[in-house]
Amino acid sequence: MSGRGGWMVLLTFLVALLMMILPMPEWARPFRPQWVSLTLIYWCIALPHRVGVGTGFSLGIALDVLTGTLLGQHALGLSLVAFLAVQLHARIRVFPFWQQALAVLVLLVIEHLFALWVMGATGQAPPGLLYWVIPLIGALLWPWVFVTLRDVRRRFKIS
Amino acid sequence: MLALVVSIVLMVIDHRFSQLQQLRSALAFVTYPLHFLADLPVTASLWLQEVTATRSHLLEDNSTLRAENLKLRAELQKFATLQAENVRLRNLLDASYKVGDRVLIAELSAVDLDPYKQQVVINKGKASGVYEGQAVLDADAVMGQVIQVTPLSSTVLLITDPSHSIPVQVLRSGLRTIAVGSGRINELNLPYLPTNSDIQLGDQLVTSGLGGKFPPGYPVAKVTRINRSPDNAFAEIVAEPTAHLDRSREVLLVWSVQPETALEAAADTAADEDQPEQEP
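This one's a predicted model, so the numbers in the text were calculated from it and none came from an experiment. (Residues numbered from 1 in each chain as written. Chains lettered and ligands numbered in written order. Predicted model: local features only at pLDDT ≥ 70, side-chain atom pairs only at ≥ 80, totals over all residues.)

### Comments concerning the overall build of chain B
1) Next: Of regular secondary structure, chain B possesses five helices and 12 strands.
2) Next: In chain B, buried positions account for 26% of the 280 residues. (Helix = DSSP H or I, 4+ residues; strand = E, 2+ residues; numbered from the N terminus. Buried ≥ 20, exposed ≤ 12 C-beta atoms within 10 Å, placed from the backbone.)

Take a look at the structure:
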């Protein structure tokens, strides 16, 4: 995370973590988008040589501690997402927005699926069908996340 | 690949053993600033409300609080005599008795945790003497127990979390059982009662004190649904927590006074009656 603009990348991750725990009205709580995953995917695509599985893992541990889930539950999903995003970065980069959003949707669903498996394996109550709306919301938000973070990257000349 | 293996190992250890508690607490301390930041807008708005409250509003508040205080003190008088009598009778019976519990008021932090777990964060931690496994109450009833402590904050597992069970007693009949969280904020299950057990709709459940985590005698829930089907060995019983799990902002942390020290304290107070009680 050292080098040009590393602190800015870190700041966007901190903001994403913050948005995961910001209080929301009760009805909106099950629909909180996976902000951290979205930010991670963007940086993996934009800077695959600097942001990768290690970053995903550390973020996941931070998220686990913040939200009180099993230590490693988010780390597992986010490492996997980071790995896939780095592998596919050259392809996703040249996609148009809507196609990018589809690719992101797949990544988000994979992360959610792993989280669901962990929940099932540890005997937690299985969430309802609304659980699968979250990746969809994330994919719909992708264009805005992408544009915002791209502006951040250009403004601060992070490379 | 390595990250996947490490996270799976971490999860297994965290799920099966308790060694990771230390690491978790240390990490939670590092991430405390984020919790603080998330909580800041709510705290700030509350503070602003307090600062800009009008004089008439404050006066009104003051008078209602004064009236309530008077009423509570009157009740407390009665309570004090009853408590003294209880201690005396228990002494006669040679039974151990718990004089009282020390409490500390904490506030919930406005932080959303995982929506599929029933947990909350409170703003008191190790610095205030909070410990793991401590009972947490609100003004009405038992809310849950502390599962993780950092120097300045701690995490509370609510009694309705599916991984939480609490030993309870039916106040009317003294029947003991265990109430298990259902994962829904307004339901507890009582899965271990036979179909013919003495329990009715509206029965109040209180903590039984077995297991040692929760002090005995605090209200927990009210029975709202009983389904005794003859083909099942166990009745299907659902209770609603008495505590306002989703509404309370202030919570009470309880320290149980150990029976031995309590007896000594009782003996002490009996020896010199003019000394005021130390326990609130």
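After that view, the rundown keeps rolling.
### Some thoughts on the overall build of chain A
1) Next: Regarding its fold elements, chain A presents six helices and zero strands.
2) Next: In sequence order, chain A lays out its α and β elements as α-α-α-α-α-α.
3) Next: The globule rule puts the C-alpha radius of gyration for 159 residues at 15 Å, and the 15 Å found for chain A is close to it.
4) Next: Once the C-alpha set of chain A is aligned to its principal axes, its extents read approximately 45 × 30 × 30 Å.
5) Next: Counting all 159 residues of chain A, 47% fall into the buried class.
6) Next: A separation threshold of at least 6 residues defines the contact pool for chain A, and within that pool the share at least 24 residues apart is 69%. (Rg over C-alpha atoms; globule rule 2.2 N^0.38 Å. Contact = placed C-beta atoms within 7 Å.)

### Details of the sheet that holds strand S8 (residues 188-189) of chain B
All names here are of chain B.
1) Next: Spatial ordering of the closed barrel is given by S6-S7-S8-S11-S10-S9, a layout of six strands whose pairing is antiparallel.
2) Next: Where strand S10 (residues 219-227) and strand S11 (residues 236-241) come together, six bridges link them in antiparallel fashion. By the bridge assignment, Asn227 is partnered in S11 with Glu236. (Pairing = 2+ DSSP bridges.)

### Overview of the confidence of the model for chain A
1) Next: Scored by pLDDT, chain A has a mean of 87; 98% of the residues are at 70 or more.
2) Next: The least confident element of chain A, judged by mean pLDDT, is helix H3 (residues 53-67) of chain A at 88; the most confident is helix H2 (residues 35-46) of chain A at 92. (pLDDT = per-residue confidence, 0-100.)

### Digging into the environment of Ala235 of chain B
1) Next: In this fold, Ala235 of chain B is placed in the loop between S10 and S11.
2) Next: Distance from Ala235 of chain B to Val42 of chain B, taken between C-alpha atoms, is 44 Å for residues 193 residues apart in sequence.

### Quick notes on the interface of chain A and chain B
1) Next: Across the boundary between the two partners, chain A contributes 32 residues, which contact 30 residues of chain B.
2) Next: Examining the composition of the side of chain A that touches chain B, we find that eight residues originate from one element, H3 of chain A, more than from any other.

### A closer look at the environment of Leu17 of chain A
1) Next: Inspection of the secondary structure assignment puts Leu17 of chain A in helix H1 (residues 6-21).
2) Next: In sequence terms Leu17 of chain A and Ala139 of chain A are 122 residues apart; their C-alpha atoms lie 18 Å from each other.
3) Next: Not counting residues within four places of it along the chain, the set of residues in contact with Leu17 of chain A comprises Val36, Ala62, Leu63 and Leu66 of chain A together with Leu34 of chain B.

### Overview of the pairing of S10 of chain B
1) Next: As defined by bridge partners, strand S9 (residues 204-207) of chain B adjoins S10 of chain B across three bridges and the pair is classed as antiparallel. Residue pairing in the sheet places Leu205 of chain B in a bridge with Ala221 of chain B of S10 of chain B.

### A short note on the nonpolar core
1) Next: Grouped together as the largest cluster of nonpolar side chains are 94 residues, with contacts concentrated most on Ile41 of chain A together with Val142 of chain B.
2) Next: Ignoring any residue separated from it by four or fewer positions in sequence, one finds Ile41 of chain A in contact with Val81, Ala85, Val104 and Leu107 of chain A. (Core = buried A, V, L, I, M, F, W, Y, C linked by C-beta atoms within 7 Å.)

### Here we look at the packing of helix H5 (residues 97-121) of chain A against helix H6 (residues 133-155) of chain A
All names here are of chain A.
1) Next: Here H5 crosses H6 at 135°, and the two axes come no closer than 8 Å. Between H5 and H6, the interaxial angle falls into the category oblique. In this structure, H5 meets H6 at a crossing whose hand is right-handed. In contact with Phe97, Gln100, Ala101, Val104, Leu105, Leu108, Val109 and His112 of H5, H6 contributes Ile134, Pro135, Leu136, Gly138, Ala139, Trp142, Pro143 and Phe146.
2) Next: Of the residues belonging to the contact of H5 with H6, the class tally is 13 nonpolar, three polar and no charged. (Axes fitted to C-alpha atoms, helices over the stretch in contact; angles between N-to-C directions. Parallel < 35°, antiparallel > 145°, perpendicular 65-115°, else oblique. Left-handed = near helix turned anticlockwise from the far one by under 90°. Nonpolar A, V, L, I, M, F, W, Y, C, P; charged D, E, K, R; others polar.)

### As for the packing of H2 of chain A against helix H4 (residues 73-94) of chain A
All names here are of chain A.
1) Next: Direction vectors running N to C along H2 and H4 enclose 45°, while the axes themselves pass 8 Å from each other. Classified by the angle their axes make, H2 and H4 are oblique. Judged by the twist between their axes, the crossing of H2 over H4 is right-handed. Seen from H2, the contacting residues are Val36, Ser37, Leu40, Ile41, Cys44 and Ile45; seen from H4, they are Leu78, Val81, Ala82, Ala85, Val86, His89, Ile92 and Arg93.
2) Next: Of the residues belonging to the contact of H2 with H4, the class tally is 11 nonpolar, two polar and one charged.

### As for the confidence of the model for chain B
Residues and elements named next belong to chain B.
1) Next: When pLDDT is averaged along chain B, the result is 81, and 88% of the positions lie at 70 or above.
2) Next: Scored below 50 in pLDDT, residues 259-266 shows 13 contacts in the model against residues more than four places distant or in partner chains.
3) Next: Predicted confidence is poor over residues 269-280, with pLDDT under 50, and the contacts of this stretch with residues over four places away or in other chains come to seven contacts.
4) Next: Quick note on the complex model: pTM equals 0.74, ipTM equals 0.72.

### Quick look at unusual backbone geometry
1) Next: One non-glycine residue, Lys157 of chain A, adopts positive backbone phi at about 50°.
2) Next: With respect to the helices and strands, the residue Lys157 of chain A is situated in the segment after H6.

### Here we look at H5 of chain A
Residues and elements named next belong to chain A.
1) Next: Taking 1.5 Å as the rise per residue, H5 with 25 residues should run 36 Å; its terminal C-alpha atoms sit 36 Å apart, in good agreement.
2) Next: Those residues of H5 that sit buried are Gln100, Val104, Leu107, Leu108, Glu111, Phe114, Ala115, Val118 and Met119.
3) Next: Taken from the residues just after H5, Gly123 is the one with a positive phi, measuring 75°. (Expected span 1.5 Å × (residues − 1).)

### Brief notes about H3 of chain A
All names here are of chain A.
1) Next: Between its first and last C-alpha atoms H3 spans 21 Å; for 15 residues at 1.5 Å apiece the expected length is 21 Å, and the two agree.
2) Next: When you tally the buried positions in H3, you get 13 out of 15 residues, the bulk of the element.
3) Next: Just downstream of H3 lies Gly68, where phi reads positive at about 75°.

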